[in-house]
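What the coordinates show
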Amino acid sequence: MTEKKPWHGVNLATTLPINPDFSVNYDAYAEHIRFTTDNGVTGIIPNGSLGEYQTLTDEERKRVYLTAVEAAPEGVAVIPGVGAYGAMESVRLTEHAAEHGAPAVMLLPPNAYRASDAEIIDHYRRVAAVGLPILAYNNPIDTKIDLRPALLAQLFDEDLIVSVKEFSGDVRNAYEIRELAPGLDISIGSDDVVLELGINGAIGWVAGYPNAIPASTVELYNLATSGDPASWAKAHEMYRDLHALLRWDSKTWFVQAIKLSQEVAGVAPAGITTRPPRLPLPDEVRTRIISDTEAVLAKGYR
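Residues numbered from 1 in each chain as written. Predicted model: local features only at pLDDT ≥ 70, side-chain atom pairs only at ≥ 80, totals over all residues. Heavy atoms only, no water.

This part is about the overall build of the protein. Helices and strands together make up the secondary structure of the protein, namely 12 helices and 8 strands. Here the C-alpha radius of gyration of the protein, 18 Å, is about what a compact globule of 302 residues would show, namely 19 Å. Projected onto its principal axes, the C-alpha positions of the protein cover 50 × 50 × 40 Å. Looking at the protein residue by residue over its 302 residues, the buried ones come to 55%. Across the protein, every contact between residues at least 6 apart in sequence was considered, and the portion connecting residues at least 24 apart equals 70%. By element, 51% of the accessible surface of the protein is carried by carbon and sulfur atoms, the whole surface being about 12700 Å². Between the centroid of the 26 positive side chains of the protein and the centroid of its 40 negative side chains there is a distance of 3 Å. (Helix = DSSP H or I, 4+ residues; strand = E, 2+ residues; numbered from the N terminus. Rg over C-alpha atoms; globule rule 2.2 N^0.38 Å. Buried < 20%, exposed > 50% of the residue type's maximum accessible area, 1.4 Å probe, protein only. Contact = heavy atoms within 4.5 Å. Areas by Shrake-Rupley, 256 points an atom, 1.4 Å probe, with all protein chains shown as cover. Lys, Arg positive; Asp, Glu negative; His and termini not counted. Charge placed at Lys NZ, Arg CZ, Asp CG, Glu CD.)

Encoded structure:
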């Protein structure tokens, strides 16, 4: 049996409650962590893309992380995102995480511009020098940098990363990653490939929609990663029911979409918004997300 590591299981990329005046609602954030972990989430990842890290000051990011640490129950890993435009900023955030007991960090490649492979590797070297395990985050859709399987293998061979959040949406990558870097742990990165990567041996899920329906999505993950064909059949049934909702996680409006689904599901305070540059959803998109969420709730998913 594979040894359980902090980045294994359902690690929730938490949304961040933003008040109408654009301040952070830290109390609501702590309550959200308690709610989702009570419903099966096994780890918390603050300051990821869903947490709108790009719009936060360094001090806000540190306070968000420490709020998560304080709110998470014993045994729940808190792995902060430390992505930033510059490597030195990521280093400083990683040092802060290390000082407060983080078991690992999640790190995007440099994304101020389309960096070269040499620059990407240097970025990971500088952060790895702090001494914490790193979960690479491959999101070529938003960062315009693709951590290709061969590049991930280079990073892994140099002991710079232990895992990858695979958000490319290309399920073929998992097979090539396993061929080129068989020891690299693969985490499901986008909610709409949970079944495909789950049955292919993913050991974790850096998840979005468990923010809104944690119990059902955790069950889906456990079934998909069980290795049991009978469980896979049940997972497939759930996946068909949930997929129209899960695919919002990989859309441009993913932050607003998941926050809206939380509101519809009754698991977020009223009036929670997003920080600029994110704006309220277009009416037709909002209507579709509400409809997709209500359809899932009507079937008993929670």
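Before going further, it helps to examine the packing of helix α1 (residues 26–38) against helix α2 (residues 58–71). The interhelical angle for the contact between α1 and α2, taken along N-to-C directions, is 40 degrees, at an axis separation of 9 Å. On the basis of the axis angle, α1 is oblique to α2. Like other packed secondary-structure pairs, α1 and α2 cross with a definite hand, here right-handed. Only E60, R63, V64, T67, A68 and A71 of α2 make contact with α1, whose side of the interface consists of Y26, Y29, A30, I33 and R34. Residue classes in the contact of α1 with α2 are distributed as 7 nonpolar, 1 polar and 3 charged. (Axes fitted to C-alpha atoms, helices over the stretch in contact; angles between N-to-C directions. Parallel < 35°, antiparallel > 145°, perpendicular 65-115°, else oblique. Left-handed = near helix turned anticlockwise from the far one by under 90°. Nonpolar A, V, L, I, M, F, W, Y, C, P; charged D, E, K, R; others polar.)

As a further point, take the packing of aromatic side chains. A complete count under the given rule lists 2 aromatic pairs for this structure. Arranged with centres 6.5 Å apart and planes meeting at 80 degrees, the rings of Y137 and F167 form a pair that is edge-to-face. In this pair, Y137 is assigned in strand β5 (residues 134–138) and F167 in the loop between β6 (163–166) and α7 (172–180), connecting sequence segments 30 residues apart. Taken individually, Y137 and F167 each receive the classification buried, so the pair is uniform in this respect. Each ring, one from W205 and one from Y221, has its centre 6.3 Å from the other, and the planes form 25 degrees; the classification is stacked. Placement of the pair is W205 in strand β8 (residues 204–207) and Y221 in helix α9 (residues 214–224), with a sequence separation of 16 residues. Owing to a relative accessible area of 0%, W205 belongs among the buried residues under this scheme. Judged by its relative accessible area of 6%, Y221 falls in the buried class. (Phe/Tyr/Trp six-rings, centres within 6.5 Å; stacked < 30°, edge-to-face > 60°.)

Side chains on a regular strand alternate between the two faces of the sheet. Side chains G204 and V206 project from β8 onto one buried face, and the interleaved W205 and A207 project onto a second face that is buried too. By the bridge criterion, 4 bridges tie strand β1 (residues 9–13) to β8 in an arrangement that is parallel. Bridge assignment links N11 to a residue of β8, and that residue is V206. In this structure, strand β7 (residues 185–188) lies alongside β8, joined through 2 bridges in parallel fashion. Bridging from a neighbouring strand, I188 pairs with W205 of β8. (Pairing = 2+ DSSP bridges.)

A few words on the pattern of salt bridges. Side chains that carry opposite charge are capable of pairing whenever their charged atoms lie near each other. Throughout the structure, instances matching the rule amount to 9 salt bridges. Here E59 and K62 are joined by a salt bridge, their closest N and O atoms 3.9 Å apart. Of this pair, E59 and K62 both sit in helix α2, separated by 3 residues, roughly a single helical turn. A residue is classified by how much of its surface remains accessible, and E59, at 56% relative accessible area, is exposed. (Salt bridge = Lys/Arg side-chain N within 4 Å of Asp/Glu carboxyl O.)

Take K165: it is sitting in strand β6. Salt bridges are absent for the buried K165, whose nearest opposite-charge side chain, D249, sits at 6.4 Å. In this structure K165 touches M106, A136, Y137, N138, S187, I188, G189 and V206, once residues within four positions along its chain are discounted.

Looking now at the packing of α9 against helix α10 (residues 229–246). Between α9 and α10, the shortest axis-to-axis distance is 9 Å and the interhelical angle comes to 135 degrees. On the basis of their axis angle, the class for α9 and α10 is oblique. In this structure, α9 meets α10 at a crossing whose hand is left-handed. On the side of α9, the interface is formed by S216, T217, E219, L220, L223 and A224, while α10 contributes S231, W232, K234, A235, M238, Y239, L242 and L246. For the contact of α9 with α10, the class distribution of residues is 9 nonpolar, 3 polar and 2 charged.

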